[in-house]
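Here is what each chain is made of, one letter per residue.
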Amino acid sequence: MGTKLGEHMRERLRTFGLMAPSVAQCAVGSALAWVIATQLLGHARPFFAPIAVLICVGVGLGQRLRRVVELVVGVSLGVGVGDLLVSWIGSGPWQIALVVGLAMSAAVLLNSGALFVAQAGSSAVLVATLLPPGDTGGLDRMLDALTGGVVGIAAVALLPASPFAIAAKHASGVLDALSTVLEKCAAAIETRDADLAAEALEEARGTQAVIEEFEQALETSREIATISPLHWHRRARLSRYQSAAVPVDHALRNSRVLARRTLAALGETTPLPTTLATSLREVSEAALLLQLELGAGREPQLARQALLAVAARQRPDRLGFSADVILAQLRSIVVDLLQATGATDDEATAALPPLTQP
């Protein structure tokens, strides 16, 4: 129990270390946006300015540049509809319902993005409830939103999180998951342990969230590397993760099929050949080697050599239906991981012995 708690705390601290720059961006940016809106623009209550910073920067992963556009346009739409209708019909419960309904309907027709629609509706609510009819602050609120968005982008550029660290953390999670599935399948084959194979299959089925987080992390990393001059020099290192993302996703998908067939095969009378377990373990180790080399910012040559060595031995001999299916998936995973090291599709496929032997 104490070990699990300690590991959980260490993971939380590692996550905080990665997110600390975003927290600092939000804190400093919101204060700066308030100062600009009050001191330079002369707005008395510029609540949209710091809110825009928080939405733009956030503490998670997303499209900040698109957020700024959706935020400003959404606020403008909500404020425009709200100001126009409230000045005619006044404030009250049915007026709020009408204003919000019209503002959000217009937003959905223009752009169904969640942030855009939410900002249009919330801005209309603020106008209909907090501001008296005929108030002329609509333009000020639009400027506040724009100010906060610009400050948010500046905070990302000048106080950036490390795009490489973000990508590396999530890529490690993906490759760790792949390695674990292959290792458990190998152990299940060696010991004929159906429970362990079932555990591997369950692990493989739960990897989609890890892949999606990795894709979001890459999107954010690319954005930071584009916005921040401080990280322009990291683009080459980041490109290795971008090249590896799709092949690693395919490898994980193939591992699910492999784990499912491994579990089915262990219910049959004919045992699977132990050579399969050896190959699975070697590919598992190659995935970890790929993780280490990418994390070190190196060309993954050692991982490629290890995968080429495994590939050369994967001859399509007739081993039985289940073993043949597992071998086919293993060959596919090897091709996927070779592509993740930077090999072309033709180079990766050519590394395998042909399916039709002379």
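The following refers to the structure shown. (Residues numbered from 1 in each chain as written. Predicted model: local features only at pLDDT ≥ 70, side-chain atom pairs only at ≥ 80, totals over all residues. Heavy atoms only, no water.)

1. A closer look at unusual backbone geometry
Basically, it comes down to this: Three exposure classes are used, based on accessible area relative to the maximum for each residue type with a 1.4 Å probe and protein chains only: buried under 20%, partly exposed in between, and exposed over 50%.
Phi at Arg-192 takes a positive value of approximately 55°, unusual for a residue other than glycine. Here Arg-192 falls in the partly exposed class, since its relative accessible area comes to 39%.

2. Observations concerning the packing of helix α10 (residues 235-265) against helix α11 (residues 274-295)
The condition that has to hold: Where helices are involved, their axes are fitted lines through C-alpha atoms of the stretch in contact, as for all axes, and angles between N-to-C directions lie from 0 to 180°. Only DSSP runs of H or I reaching four residues or more are called helices, and only runs of E reaching two or more are called strands; each is numbered from the N terminus. Each angle receives one of four descriptions, namely roughly parallel if under 35 degrees, roughly antiparallel if over 145, roughly perpendicular if within 65 to 115, and oblique otherwise. For any helix crossing, the convention is left-handed if the near helix is rotated counterclockwise from the far helix by under a right angle, and right-handed if that rotation is clockwise. In what follows, residue pairs with any heavy atoms lying within 4.5 Å of each other are defined as contacts. Classes in brief: Ala, Val, Leu, Ile, Met, Phe, Trp, Tyr, Cys and Pro nonpolar; Asp, Glu, Lys and Arg charged; the others, Gly included, polar.
Where α10 meets α11, the axes come as close as 12 Å, and the angle between the chain directions of the two elements is 160°. As judged from the angle between their axes, α10 and α11 are roughly antiparallel. Crossing hand, α10 versus α11: left-handed. Listed contacts from α11 to Arg-237, Arg-240, Tyr-241, Ala-244 and Leu-258 of α10 are Leu-280, Leu-294 and Gly-295. Per-class residue counts for the contact of α10 with α11 are 5 nonpolar, 1 polar and 2 charged.

3. Regarding α10
Because each turn of an α-helix spans 3.6 residues, side chains separated by three or four positions end up pointing in the same direction. Keep this limit in mind: One less than the number of residues in a helix, times 1.5 Å, gives the span that helix is expected to have. The quantity called bend is, for any residue, the angle between two axes fitted respectively to the seven residues ending at it and the seven beginning at it.
An ideal rise of 1.5 Å per residue puts 45 Å on 31 residues; α10 measures up with 45 Å between its terminal C-alpha atoms. In the structure, α10 departs most strongly from a straight axis at Ala-245, where the bend amounts to approximately 35° and where the proline Pro-247 lies between one and four residues downstream.

4. Here we look at a nonpolar patch on the surface
In plain terms, the rule: Only residues above 30% relative accessible area that lack a salt bridge enter a patch, with like-charged residues linked at up to 9 Å and the nonpolar side chains Val, Leu, Ile, Met, Phe, Trp and Tyr linked at up to 5 Å. Every accessible area reported is derived by Shrake-Rupley at a probe size of 1.4 Å, with residue values counting cover from the shown protein chains alone. When a carboxyl oxygen of Asp or Glu lies within 4 Å of a side-chain nitrogen of Lys or Arg, that pair is called a salt bridge.
A cluster of nonpolar side chains, Leu-40, Leu-41, Leu-143, Leu-146 and Val-150, forms an exposed patch at the surface whose accessible area comes to about 450 Å². When residues in the nonpolar patch are grouped by element, the largest group, 3 residues, is from helix α6 (residues 138-158). Following the sequence through the fold, Leu-146 ends up in helix α6. Owing to a relative accessible area of 39%, Leu-146 belongs among the partly exposed residues under this scheme.

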